Amino acid sequence: MSATLHREGIRHTPGQRLGRFLVTLLTVAAVVWAIRTVEIIPEFLSDAPEQMADLLVRMWPPDLGHYYPSVHAALMETLHIATLGTLLGIALAMPFALMAARNICRSVLLNTLAQLVLVSSRSVNSLVWALIFVAVFGPGPAAGVFAIAFRSIGFVGKLMAEALEEAHPGPVEALTATGASWPLRMLKGVWPQVQPSFWGVALFRWDINLRESAVLGLVGAGGIGVVLDDAINFFQWERVATILLAILAVVLLAEILVTRIRARLL
Amino acid sequence: MRRAFAPNWPARIGLFVLAAYAVWATSQLGITGERLATGLGEGGRFLARMWPPDFSRWELLLEGLVESMQIAVISTVLGIILSLPLGLMAARNLSPAWLSAPTRGFIAVCRSLHYVIVAILFVKAIGFGALAGVAALTVASLGFVAKLFAEAIEEISMKQVEAVRASGAGPAAVLLYGVLPQVASRFIGFSLYQLDSNLRNSTLVGIVGAGGIGGTLFAAFKRFDYDFVAAILLAIIALIFVAEIVAGRIRAALQ
Amino acid sequence: MTQPILEIRGLVKEYQPGKPVLHGIDLAIGAQGITAIIGPSGTGKSTLLRCVNRLVEPTKGSIMMGGQDLARLRGGALRAARRRIGMVFQEYNLVERLSVMENVLTGRLGYVPLWRAWLRRYPRADLDRAFALLDAVGLPEHATRRADALSGGQRQRVGIARALMQSPALLLADEPTSSLDPRTAVEVMELMARLTGEAGVPVIVNIHNVELAKRFAVRIIGMTGGRIVFDGPPDAIGNDHLSEIYGGEDWI
């Protein structure tokens, strides 16, 4: 690249190079530290592939006879948990989204408060929410619905607050000028603008919730996870395989469905 | 008389069906007002028992957090190393269909199974401990990172690749000079994102016995040690917060 | 002049303390005809208009209309005052994802309760009036089209219909033609002049185009630097006035 032998191609300033070097060093140090100190039993590691292969062999062929009725019922329960949890989560999230959007709520205190609620909801995983609600409601799908809902608040609330902040102020100003009250300005000026994002976010979250609600049963919060846990504890591997296939099928179907609907919405 | 509004029947029916479904599904799950009312009372007692958080067993807490971080780092690195060839194999513009189609299928399966389910399977197959967590999160990382890698590769400009090829470069040189420069910065972005999400997830896989702070958390829940639970939750949230800030700094440094 | 419909006294607006945009405006608007406010950009024309219906909060002064001081109103009383003042905007400010009909009916939002607006159960009289207005602005076939499918001139016609839907006692128009091509601008001004003339609604219009102002207004207000420097009939405005309002004279 260089025109004469004495020139050097310099891609980065010294500062950039230092930054890159530090990041690289940090990465390598972290990896070396993690590998050298992690407690992994060498015997486990050496026969892991063999054990894994053994497990897969025992799962094959999946016994589809197990599907009806118990797995089917649990799958439906999972579907209900995901859908109701999403609906409840959206209902709970909307007030916080309105409070967090700085163009709609002018109080910095309320903005911050709403952000705090949204961040807390997102920082706690739905499985941990499930543990909490199992402690509150006892084992069962009610705990699952609330776990899904509380985890969804942060996600839906954050994305909706962003959508609200992107809404054009012009139409709302025009409605203000006609003498419309606050709820009417929201209904006729803001809602039509954020409606496409709203359905997109709702569908997106439902898709995620369907995946997450499949594992809630592992901590007793209802759904197909309960059946999976039982089957694993009783070493019924063909049954486990059936359940996994059922989950896989539902998750893939939901993803296709959501992609289709979202494409039509836009 | 002229019509003021075009009636939107699909939307009306859709909303009605959704509302009817919500009522029906609620009854199916046996969720009643009575149950929620007792739950609220329990919730109050539960919160009261969480306060104040008990940090006296901080050594146990720290041990769990450190193990979670180790799991996150190792699984991210493994995931990325395995994702590089997988992403390339799955990219439809650089790989033949007989290779890209099955690779895409494999990636889709990795992505569709929740990491906690994968973790259980690994725990049953290779035993309790961090190894199962590493394996599970590596699989999860594969599903996400390889897919994003493949998409990034599919979006590159083939003109640049052709130009490098036209200079007589071999396949490795084409990858190094024609493909990598176009995708490198996005790859680093995806990798950082995955490290962040693996760190979150590594605090959980312990619930099914795959190592990390999750095991400590689950044990505390089972013993009704709710003040210790509060301490663990606060520690996890703090860890995730710090990780997010560090990731943001690194991103800024690399720009 | 007959009894004024709007009387502004000592109106001051400061967006930042100590930096007034309007330096004590005194202005009375008659009950008939179009009053055009001309002046360079950033001189406070738009702020003046928005102080009248309180889209902008005045810092000092009074705005009397129908025996009320608009500058002091709050809550429900403010909304009731706003619905008697129609407004037409430079960028039309239509709700783009709603139909033309719904946009026109938003002019009734100061009158109808929430449930009616939500279920779109507007009173029959409102619907009939909305159709009549759509006919009047020349868009009879577009009622169910979405607002974002219209051209700029069509959108501004909807904007005018929306403002008249309020049955206003006063119409404010903030640069209603600045986003339109010259021919459409004239058509829109003609339409606004005709409809408000028929309804007997006085209009205050901010406008850049001096020729348009002279052609349609009965009275011209010249503003510069947040002060009124000219006030008189269109034929009284001369090049010396224009150079005082806009500064310089090479452009005239």
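Just so we're clear, the structure is a prediction, and the values are computed from it rather than from any experiment.

Q: Tell me what's going on with the overall build of chain C, and back it up with residues and numbers.
A: Regarding its fold elements, chain C presents nine helices and 10 strands. Against the 2.2 N^0.38 benchmark of 18 Å for 252 residues, chain C shows a C-alpha radius of gyration of 18 Å, consistent with a compact globule. The C-alpha extent of chain C, read off along each of the three principal axes, is 55 × 40 × 35 Å. Relative to its 252 residues, chain C shows a buried fraction of 53%. Sequence-distant contacts, at least 24 apart, represent 69% of the contacts inside chain C between residues at least 6 apart. Of the accessible surface of chain C, which amounts to about 10,600 Å², a share of 49% is contributed by carbon and sulfur atoms. The average position of the 31 basic charges and that of the 26 acidic charges among the side chains of chain C differ by 10 Å.

Q: Go over the UniProt feature "transmembrane region" (unreviewed entry) in chain A with me, naming the residues and quoting the values.
A: Residues and elements named next belong to chain A. Those places that UniProt annotates as "transmembrane region" (unreviewed entry) correspond, in this numbering, to residues 21-41, 78-97, 104-121, 127-150, 214-234 and 240-258. Helix makes up 78% of residues 104-121 and strand 0%. Its end C-alpha atoms lie 22 Å apart. The span residues 127-150 is 88% helix and 0% strand, and its two end C-alpha atoms sit 11 Å from each other.

Q: For the pairing of strand β10 (residues 227-232) of chain C, give the residues involved together with the corresponding values.
A: Residues and elements named next belong to chain C. Across five bridges, strand β9 (residues 219-224) lies against β10 in antiparallel orientation. Looking across to β10, one finds that Thr224 is bridged to Arg227. Hairpin connection of β9 to β10: two residues between the antiparallel strands, including Gly225 at a positive phi of 55°.

Q: Any chance you could break down the environment of Pro62 of chain A for me, citing the residues and the numbers?
A: Residues and elements named next belong to chain A. For Pro62, the location among the structural elements is in the loop between α3 (48-59) and α4 (67-100). Accessibility expressed as a relative area gives 19% for Pro62, which makes it buried. Along the backbone, Pro62 and Trp237 are 175 residues apart, and their C-alpha atoms lie at a distance of 7.9 Å. With residues near it in sequence (within four places) discarded, Pro62 still touches Glu238, Ala241, Thr242 and Leu245.

Q: Break down the sheet that holds strand β2 (residues 19-29) of chain C for me, with residues and values.
A: All names here are of chain C. Ordered in space as β2-β1-β4-β5, the four strands form an open sheet in which the pairing is antiparallel. Two strands lie at the open edges of the sheet, namely β2 and β5 (68-69), each paired on one side alone. As defined by bridge partners, strand β1 (residues 6-16) adjoins strand β4 (residues 60-65) across five bridges and the pair is classed as antiparallel. Considered in β4, the bridge of Arg9 is made with Ser62. Packed onto the sheet, helix α1 (residues 45-52) meets β1, β2 and β4 and runs at close to 115° relative to β1.

Q: Explain the interface of chain A and chain B to me, using residue names and the numbers behind them.
A: Of the residues lining the interface, 62 residues belong to chain A; the matching set on chain B comes to 58 residues. Across the contact surface, chain A and chain B share one salt bridge. A salt bridge links Arg111 of chain B to Glu255 of chain A; the shortest N-O distance between them is 3.1 Å. Taken together, the connections running from chain A to chain B amount to four residue pairs in polar contact (both at pLDDT 80 or more). The element that contributes the greatest number of residues to the side of chain A that touches chain B is helix α1 (residues 14-37) of chain A, accounting for 10 residues. Taken together, the residues of the side of chain A that touches chain B sort by class into 46 nonpolar, nine polar and seven charged.

Q: If you had to explain the interface of chain B and chain C to someone new, which residues and values would you point to?
A: In this assembly, six residues from chain B lie in contact with 11 residues from chain C. Together chain B and chain C conceal approximately 770 Å² of surface at their shared face, both sides included; 62% is due to carbon and sulfur atoms. Taken together, the connections running from chain B to chain C amount to zero salt bridges. Joining chain B to chain C, the criterion identifies zero residue pairs in polar contact (both at pLDDT 80 or more). Within the side of chain B that touches chain C, the residues separate by chemical class into four nonpolar, no polar and two charged.

Q: Hey, could you go over the packing of helix α7 (residues 158-166) of chain B against helix α8 (residues 171-202) of chain B for me, with residue numbers and the actual values?
A: Residue and element names in this part refer to chain B. One way to put it is that α7 packs onto α8 with a least axis distance of 9 Å and a crossing angle of 155°. It follows from the interaxial angle that α7 and α8 lie roughly antiparallel. The two elements α7 and α8 cross, and the hand of that crossing is right-handed. Residues Gln160, Val161, Val164 and Arg165 of α7 pack against Ala173, Val174, Tyr177, Gly178, Val179 and Gln182 of α8.

The rules we used
Residues numbered from 1 in each chain as written. Chains lettered and ligands numbered in written order. Predicted model: local features only at pLDDT ≥ 70, side-chain atom pairs only at ≥ 80, totals over all residues. Heavy atoms only, no water. Helix = DSSP H or I, 4+ residues; strand = E, 2+ residues; numbered from the N terminus. Rg over C-alpha atoms; globule rule 2.2 N^0.38 Å. Buried < 20%, exposed > 50% of the residue type's maximum accessible area, 1.4 Å probe, protein only. Contact = heavy atoms within 4.5 Å. Areas by Shrake-Rupley, 256 points an atom, 1.4 Å probe, with all protein chains shown as cover. Lys, Arg positive; Asp, Glu negative; His and termini not counted. Charge placed at Lys NZ, Arg CZ, Asp CG, Glu CD. UniProt positions renumbered as here; feature names shortened; annotations may be inferred. Pairing = 2+ DSSP bridges. Axes fitted to C-alpha atoms, helices over the stretch in contact; angles between N-to-C directions. Salt bridge = Lys/Arg side-chain N within 4 Å of Asp/Glu carboxyl O. Polar contact = N/O pair within 3.5 Å; in protein donor to acceptor, adjacent residues only side chain to side chain. Nonpolar A, V, L, I, M, F, W, Y, C, P; charged D, E, K, R; others polar. Buried area = accessible area lost by both parts, 1.4 Å probe. Parallel < 35°, antiparallel > 145°, perpendicular 65-115°, else oblique. Left-handed = near helix turned anticlockwise from the far one by under 90°.

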